[in-house]
Amino acid sequence: MTNTSRKLDLPTSKLALVLNGAAGKKDALANEDKIRERLTPNVGEYVTYSVRSGADIAGAAQRAAREGADVVVALGGDGTQSAVAGALAGSDTVMGVLPGGTFNYFARELGVGETLDAALDTLLSGRVGRMDVGEVNGRIFLNNASFGVYPKILERREAVYKRWGRSRVAAYWSVLLTLWELRDPMHLSLTLDGAKRDFRTPLAFVARSAYQLDNMGLEGAEAVRDGQLALFLVKGHSPRHLITAAFRLAIGKTARGQDFDLLIADEILIETRQLRRLLAFDGEKERATGPFRLRVQRDALSVIVPAEAAHDPVAAAK
């Protein structure tokens, strides 16, 4: 890794905006005029790819890269950013981030700003760095991948959002409802760095965001910064124990050994009795077929970050 950075030459670059109209609390399309007004005078060419479904985001980003975009910018939450990152990882196309979701962990980790105006400032003045990404059977994730109760929480959250609207309160309420209904933990066989172990747990949570772990008061952030995976296995099996653990997590009082086991590894193989499972990647759920091989793709993604930052989540680009 190098400490030098590369300043993107925006005036000669083609910039593509992937606009996810389903992301965030506001209609993302209402922000398009502001984005166009800020970026058009500062780039060589500007083009918009609008999508109405999260399933179309990756395809739009891939199309933008095929059609010569030097920079692909996504407006949306963590699910949107994850889809674009999956389309661009391993290529020379640079990714820009405009936060538009509920939690925006990826944007906050990069330090690009939590508002649209701040993130646009970063795009116009930032530098390009390369960062690690997580992978499950070829599927890229930025913050986390999880098995068990959390994908079910996402299903419940969608129903709550439809009735009450998007908010962090609604998201937390979805957690409590789902945990209260939990009945059967998973049986997992894990192979970490060549050693195989069996576990029974309601939730396996694989972290790739040091910022998210710090924000939640969990261990493992330093291992993630060193390019490893942090695997959390929740220990409680009953709804009462899980709700209590969730409350301790909310107030930053979770305890390793009491609420969860933490395993650190470069690569992880997860085998489950149910071959096809519902998984969650960066707040979006999808079904996948096991066994599940998890690893880190080193320096796989080029991304725009602030020119100067209090912390540096990426390796400066060569």
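Residues numbered from 1 in each chain as written. Predicted model: local features only at pLDDT ≥ 70, side-chain atom pairs only at ≥ 80, totals over all residues. Heavy atoms only, no water.

## Section: the pattern of salt bridges
To keep it simple, the criterion reads: A pairing counts as a salt bridge when a side-chain nitrogen of Lys or Arg comes within 4 Å of a carboxyl oxygen of Asp or Glu. A run of H or I in DSSP becomes a helix once it reaches four residues, and a run of E becomes a strand once it reaches two; helices and strands are each numbered from the N terminus. Think of it in three bands: with a 1.4 Å probe and only protein chains considered, a residue is buried below 20% of the maximum accessible area for its type, exposed above 50%, and partly exposed in between.
Counting across every chain of the model gives 11 salt bridges. Taking the shortest distance from any N to any O, the salt bridge between arginine 295 and glutamate 135 comes out at 2.9 Å. Here the residue arginine 295 occupies a position in strand β16 (residues 292-305), and glutamate 135 occupies one in strand β5 (residues 127-136), the gap between them amounting to 160 residues. For arginine 225, the salt bridge is made with aspartate 214, and the minimal N-O distance between the two is 2.4 Å. Residue arginine 225 is found in helix α9 (residues 221-225), and its partner aspartate 214 is found in helix α8 (residues 210-216); the two are separated by 11 residues along the sequence. On the accessibility criterion, arginine 225 (45% relative accessible area) is partly exposed.

## Considerations on the environment of glutamate 222
Within the secondary structure layout, glutamate 222 lies in helix α9. By relative accessible area, glutamate 222 is classed as exposed at 53%. The spacing of glutamate 222 and alanine 210 is 12 residues in sequence and 7.1 Å in space, taken between C-alpha atoms.

## Some remarks on the packing of aromatic side chains
The geometry of an aromatic ring pair comes down to the distance between the two centres and the angle between the two planes. Applicable threshold: We call Phe, Tyr and Trp rings a pair once their centres come within 6.5 Å, taking the six-membered ring for Trp, and we label the pair stacked below 30 degrees between planes, edge-to-face above 60, and tilted otherwise.
Applying the stated criterion across every chain yields a total of four aromatic pairs. Ring centres of phenylalanine 147 and phenylalanine 292 lie 5.2 Å apart, and the angle between their planes is 65°; this geometry places the pair in the edge-to-face category. You can see phenylalanine 147 sitting in strand β7 (residues 144-148) and its partner phenylalanine 292 sitting in strand β16, a full 145 residues away along the chain. With relative accessibility at 0%, the residue phenylalanine 292 sits in the buried group. Aromatic ring contacts, followed pair by pair, group Phe205, Phe232 and Phe260 into a single cluster.

## Examining the side chain of serine 82
As a reminder of what qualifies: Two N or O atoms count as a polar contact when they lie within 3.5 Å, although within protein this holds only if one can serve as hydrogen donor and the other as acceptor, and sequence-adjacent residues are included solely when both atoms are side-chain atoms. In what follows, a contact means two residues having at least one pair of non-hydrogen atoms within 4.5 Å.
Looking at the element boundaries, serine 82 is found in helix α3 (residues 78-88). Looking at serine 82, its side chain comes within polar contact range of the side chain of aspartate 282, at 2.7 Å. Discounting chain neighbours no more than four positions away, the residues touching serine 82 are Arg139, Ile140, Phe141, Leu142 and Asp282.

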